[in-house]
Amino acid sequence: MRYDRGMAANETRTRSLNWFVRGGVLHLPDGARVPIDVESLVVGRDPGAAVPLADAEVSALHCELRAVTEGIVLRDLGSTNGTFIGKVRVREVVLGERTEIDVGQTRLVVEPSGKRRVDLGFSASFGELVGSSPRMRRLYGVLEKVAPTPLSLLILGETGTGKELVARAVHDASPRKGGPFVVVDCGSIPATLAESLLFGHEKGAFTGATERRKGALAEASGGTLFLDELGELPVELQPKLLRALAERQVKRVGATTFEPIDVRLLAATRRDLGAEMNAGRFRSDLFFRIAQIRVETPALRERLVDIPDIVAAICARQGLADKADVVNGWIEKNRAQYDWPGNVRELVNVASVAATLAHAPEALDDVLTLAHAPEPTRGGASGGAAGGAAEASFADAKRAAVAQFERSYFLELSASTGGNVSEMARRSGMERHHVRAYLRKHGVR
């Protein structure tokens, strides 16, 4: 993981790098040829798909293809009838040679071509996003082009990969940066209040509506609305949101007239919206309205080379820039083979604690090894609940170590967030009711 950070950063800011991918061609039954590039090419029955097929057995969004270094990635999008190569139903596969694919009653042919260069651009950061790995350089290049436009953007990626940072960076790099940036977490709003929170309400519109209030769409007028966890948006609200975006006006709950809005919409989700659409839980017309541009934030395990730069940025924000080398040294020693399931959010938590305790290396090692270990590993090496492991059964020793880890983790998490359960849930990548359950279990206020 170690490398010369100063030299790498200088190189990535002074010259454009190239990324080699194997493009290809998709042959359709009517003889048409569609190029396959690094951007996803969606095949489906929906008219909004890049390759629409008039086949009743093909799902609205059936599968997608994109070029990578190794060949062409074919991924099924949760289709009802499946994507087949011969008699084998595939979920995701990399194609390195000419391949026949069956979707519904339609046969497609994918023909990979030779490697070609994709310009990754000059940037090694974008807003608060840092890291010069090829995946991130490619992301910055897309965001730099999209940010100045009015296009809607859908940000995909696992929990903790920085989707909200992407949205904030796009807003700050857009002509709307002087306007409001309004965030709505669709996963945390009660279904009964979702319409009011998005569109606003009139006084007396329902029980508890004691005053007239704007909704998020009106509050974001002149700026940007970011819908986090878009896949959780109640299905009955989706056509109303689509209409508001298309007509650029909203009607508050209980109102009889519309008011104009001027909003750019950004959204993020960790759900597979292709599968959600095929299951009837998400509208395809809303998807294509919001997903005019799609980007994906890579998992941290896919860009471990970026960790030193991310740690340096975290330490600098805390006013502890001089501690970055200590923190990176600890991570390199203790997390060399770790895949960071909590992604950048988990790294921020670890690095923040490490930077604060960097003046006391022995405390740093003890606290972080216990509170952030991928598996409870201290066993009989320490006292307390994990002590005496040699005398206990494996199950009892493991149970005690897990309990000690859980209590330490949630004590620290509660302290660092001021007891804010929503923020604790966000940082830990857990649902709020699960966080509350752990707090109650270990008596953490």
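Preceding this section is the structure that the text describes.
Before going into details, it helps to say that this report is about the structure given with it. (Residues numbered from 1 in each chain as written. Predicted model: local features only at pLDDT ≥ 70, side-chain atom pairs only at ≥ 80, totals over all residues. Heavy atoms only, no water.)

In this section: the overall build of the protein chain. A tally of regular secondary structure across the protein chain gives 15 helices and 22 strands. The 445 residues of the protein chain split such that 46% are buried. A separation of at least 24 residues holds for 62% of the contacts in the protein chain among residues at least 6 apart in sequence. For the protein chain, the accessible area works out to roughly 21,400 Å², and carbon and sulfur atoms hold 51% of it. (Helix = DSSP H or I, 4+ residues; strand = E, 2+ residues; numbered from the N terminus. Buried < 20%, exposed > 50% of the residue type's maximum accessible area, 1.4 Å probe, protein only. Contact = heavy atoms within 4.5 Å. Areas by Shrake-Rupley, 256 points an atom, 1.4 Å probe, with all protein chains shown as cover.)

What follows is about the nonpolar core. L217, L225, L227, L230, L233, L286 and F287 are the most contacted members of the largest nonpolar core, which totals 36 residues. For this core, the secondary-structure elements that each account for two or more residues are strand 15 (181-185), helix 4 (194-199), helix 5 (216-219), strand 18 (224-228), helix 6 (238-247), strand 21 (264-269), helix 7 (273-278) and helix 8 (284-290). The biggest single contributor to this core is helix 6, with four residues. Beyond its immediate chain neighbours, meaning those up to four positions away, L286 contacts L233, Q238, L241, L242 and L245. Counting residues in each nonpolar core, the second largest holds 22 residues, with L28, V38, C63 and L95 among its members. (Core = buried A, V, L, I, M, F, W, Y, C linked by side-chain atoms within 4.5 Å.)

Another point: the layout of surface pockets. Its boundaries defined by the atoms lining it, the second largest pocket holds a volume of some 1,200 Å³. Lining the second largest pocket are 41 residues, with G160, R345, E423, R426 and R427 positioned closest to its centre. When contributions to the lining of the second largest pocket are tallied by element, the ones reaching two or more residues are strand 13 (129-130), helix 3 (163-172), helix 9 (307-317), helix 11 (343-356), helix 13 (394-417), helix 14 (421-428) and helix 15 (432-441). Top element by residues in the lining of the second largest pocket is helix 11. It accounts for six residues. Tallied by class, the residues present in the lining of the second largest pocket amount to eleven nonpolar, 13 polar and 17 charged. (1 Å grid on protein atoms, 1.4 Å probe; cavity = no way out; pocket = protein on both sides within 12 Å on 5 of 7 lines; lining within 4 Å. Points joined across faces, edges and corners; volume = space filled by probe spheres on them. Nonpolar A, V, L, I, M, F, W, Y, C, P; charged D, E, K, R; others polar.)

Bringing the packing of aromatic side chains into the picture now. Under the criterion given, the structure shown has five aromatic pairs. Among the aromatic side chains, those forming a connected cluster through ring pairs are Y409, F410 and Y438. (Phe/Tyr/Trp six-rings, centres within 6.5 Å; stacked < 30°, edge-to-face > 60°.)

For the rest of this paragraph, the subject is the sheet that holds strand 3 (residues 41-44). Sheet architecture is open: five strands sit in the order 4-3-5-6-9, paired in mixed fashion. Because the sheet does not close on itself, it has two edges, and the strands there are strand 4 (51-52) and strand 9 (92-95). Pairing geometry for strand 6 (residues 72-76) and strand 9, over four bridges, is antiparallel. Bridging across to strand 9, V73 finds its partner in V94. (Pairing = 2+ DSSP bridges.)

Turning next to the sheet that holds strand 15. Spatially, five strands are ordered 15-18-21-14-22 in an open sheet, and the strand pairing comes out parallel. Where the open sheet ends on each side, the last strands, each with one partner, are strand 15 and strand 22 (293-296). Each neighbouring strand pair of the sheet contributes to a mean axis angle of 20 degrees, computed without reference to strand direction. Relative to strand 22, strand 14 (residues 153-156) is paired through four bridges, and the arrangement is parallel. Across the sheet, residue L154 finds its bridge partner in strand 22, namely R294. Helix 2 (residues 134-146) contacts strand 14, strand 21 and strand 22 of the sheet and is inclined by roughly 155 degrees relative to strand 22. (Axes fitted to C-alpha atoms, helices over the stretch in contact; angles between N-to-C directions.)

Right, let's talk about the pairing of strand 3 for a bit. The alternating pattern of strand 3 places L41 and V43 on one face and V42 and G44 on the opposite face, and all of these are buried. Relative to strand 5 (residues 63-67), strand 3 runs antiparallel, the two being bridged by three bridges. From the neighbouring strand, L41 faces strand 5, where its bridge partner is L65. Relative to strand 4, strand 3 is paired through two bridges, and the arrangement is parallel. Residue pairing for strand 4: V43 is matched across the bridge by V51.

By the secondary structure assignment, R252 is in the loop between strand 19 (249-250) and strand 20 (259-260). R252 gets classed as buried once you look at its relative accessible area, which sits at 7%. Setting aside residues up to four positions removed in sequence, R252 forms contacts with F199, G200, H201, E202, R212, R213, K214 and E259.

One pass over the full model with this rule turns up 20 salt bridges. In this structure, the salt-bridge partner of E64 is R75, at a minimum N-O distance of 2.9 Å. Highlighted residues: E64 in strand 5 and R75 in strand 6, separated in sequence by eleven residues. Residue E64 is classed as buried on the basis of its relative accessible area, which comes to 9%. Between R271 and E276 there is a salt bridge whose closest N-O contact spans 3.7 Å. Of the residues examined, R271 reaches a relative accessible area of 37% and is grouped as partly exposed. In this structure E276 comes out as buried when scored by relative accessible area, which is 8%. Members of the salt-bridge network, linked through shared partners, are E232, R271, E276 and R281. (Salt bridge = Lys/Arg side-chain N within 4 Å of Asp/Glu carboxyl O.)

In this section: the side chain of T269. Examined against the element boundaries, T269 turns out to sit in strand 21. In this structure the side chain of T269 is engaged in a polar contact, spanning 3.0 Å, whose partner is the backbone nitrogen of R271. If sequence neighbours within four positions are ignored, T269 has contacts with L154, I155, L156, G157, K163, E229, L230 and G231. (Polar contact = N/O pair within 3.5 Å; in protein donor to acceptor, adjacent residues only side chain to side chain.)

Taken by themselves, the reported measurements are silent on function.
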